[in-house]
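# Commentary on secondary and tertiary structure
Read off the chains here:
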Amino acid sequence: MNDAQRRVVVVVVTGAGTGIGRATARAFSVDGAHVLAVGRRAAPLAETAAGHPLITPLTADVTAPDAPDRVVGAALHRYGRLDVLVNNAGIAGGGPLAELDEAAARRQLDTNLLAPVRLARATVAALADTRGVIVNVTTSVGQRAWPGSSVYAAGKAALDSLTRSWAVELAPRGIRVVAVAPGAIDTPIGAHQGLSPEQRAAVRRWQLAHTPLGRIGGPQDVAWAIRQLCDPAAGFVTGVVLPVDGGAVVG
Ligand code: NAP
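So, a few notes on the structure that sits alongside this text. Since this is a predicted model, take the numbers as computed values, not measurements.

## What about the side chain of Thr-163?
- With respect to the secondary-structure elements, Thr-163 resides in helix α5 (residues 150-170).
- Its relative accessible area of 0% is what places Thr-163 among the buried residues.
- Separated by 2.7 Å, the side chain of Thr-163 and the backbone oxygen of Leu-159 make a polar contact.
- Setting aside residues up to four positions removed in sequence, Thr-163 forms contacts with Asn-136, Val-177, Val-178, Ala-179, Gly-239 and Val-240.

Dropping the structure here:
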């Protein structure tokens, strides 16, 4: 069977209760894939799965020591295989350097950087069996300055770097590794970060002014890119970081 004849059968999406993760889980399920939708809160995950019988919620904190084994074990136990891991769960924010809270910075790096490392490590054997794909969701600001959120940007830039290293390391096992780097996307991330409505509006104004295409993206814009990169027809694409940002990173 060549790459173009294979199809994506089982997908794990972390942070699937809201935003980009929810849109990604639904996009794969609409395509006929089984999706294990991972997040900490049961209610948003149930909403993601509502009306999508191929989506199964799994309540888990990706930073928990047992999370990688629980997530991969659940996928293999339920479906017997794994084709795609989407490392999407993330937390934004952080504050200026002079006011940086060390505990918050550690929590952010644990969620945005180390949890994807542990999850990816736990999926290698299963993905080697299916010639599968790891997708890291990073950010286009990882390639620029992001004053006020420097640790967030640095953690995501590190995940871009891991994407390139893993792509080369895992290529002999048939596993592709890619990243999508969203720009300004309309999701609850600002609210989850604790920003007030006024602060969120100010961020939006700044983002709009710095997005050449002149609009805020939707979660479905990112989900589309993730799905395309996981398509077996994209079998010669690995190690890339694809901006999905309305031109922000080149503007
Ligand atoms: P979001 O709606 O806040 O989604 C993040 C999801 O991650 C939430 O559903 C949250 O659900 C989950 N999550 C957070 N910590 C977790 C943990 N420890 N374990 C399991 N799940 C966890 O924001 P989003 O915009 O869709 O963000 C998705 C990804 O895109 C993030 O990695 C973010 O950094 C990246 N991104 C977003 C933008 C943007 O403009 N929106 C731009 C660039 C990059 P629970 O709280 O229920 O766990």
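## As for the pairing of strand β5 (residues 133-137)
- Within β5, 5 of the 5 residues are buried, which leaves the element mostly enclosed by the surrounding structure.
- Along β5, one buried face is formed by Val-133, Val-135 and Val-137 and the opposite face, lined by Ile-134 and Asn-136, is buried too.
- Here strand β4 (residues 84-87) pairs with β5 via 4 bridges, running parallel. Opposite Val-84, over in β5, you have Val-133 as the bridge partner.

## Focus on the site of the ligand
- Among the 28 residues in the neighbourhood of the ligand, the closest are listed as Thr-18, Asn-88, Tyr-152, Thr-187 and His-192.
- A distance of 2.7 Å separates an oxygen atom of the ligand from a polar atom in the backbone of Asn-88.
- A distance of 2.6 Å is found between an oxygen atom of the ligand and a side-chain nitrogen or oxygen belonging to Tyr-152.
- Its free accessible area being 870 Å², the ligand has 96% of it covered by the protein chains.
- Those elements giving two or more residues to the shell around the ligand turn out to be α1 (19-30), α5 and α6 (189-192).
- Of the residues belonging to the shell around the ligand, the class tally is 11 nonpolar, 13 polar and 4 charged.

## A closer look at α1
- With 12 residues, α1 should reach 16 Å at 1.5 Å per residue; the first-to-last C-alpha distance of 17 Å fits that figure.
- Among the 12 residues that make up α1, 10 are buried, leaving the element largely enclosed by the rest of the structure.
- Residues of α1 that are buried include every one of Gly-19, Ile-20, Gly-21, Arg-22, Ala-23, Thr-24, Ala-25, Ala-27, Phe-28 and Ser-29, and no others.
- Following α1 by one or two positions, Gly-32 adopts a phi angle in the positive range, close to 100 degrees.

## Quick look at the environment of Val-38
- Residue placement: Val-38 occurs in strand β2 (residues 34-39).
- According to the relative accessible area criterion, Val-38 is buried, its value standing at 1%.
- Here the alpha-carbon distance between Val-38 and Val-62, two residues 24 residues apart in the chain, equals 8.2 Å.
- Other than its neighbours up to four places away in sequence, Val-38 contacts Val-12, Val-13, Thr-14, Gly-15, Ala-16, Leu-45, Leu-58, Ala-60, Val-62 and Val-71.

Calculation rules
Residues numbered from 1 in each chain as written. Predicted model: local features only at pLDDT ≥ 70, side-chain atom pairs only at ≥ 80, totals over all residues. Heavy atoms only, no water. Helix = DSSP H or I, 4+ residues; strand = E, 2+ residues; numbered from the N terminus. Buried < 20%, exposed > 50% of the residue type's maximum accessible area, 1.4 Å probe, protein only. Polar contact = N/O pair within 3.5 Å; in protein donor to acceptor, adjacent residues only side chain to side chain. Contact = heavy atoms within 4.5 Å. Pairing = 2+ DSSP bridges. Near = heavy atom within 4 Å. Areas by Shrake-Rupley, 256 points an atom, 1.4 Å probe, with all protein chains shown as cover. Nonpolar A, V, L, I, M, F, W, Y, C, P; charged D, E, K, R; others polar. Expected span 1.5 Å × (residues − 1).

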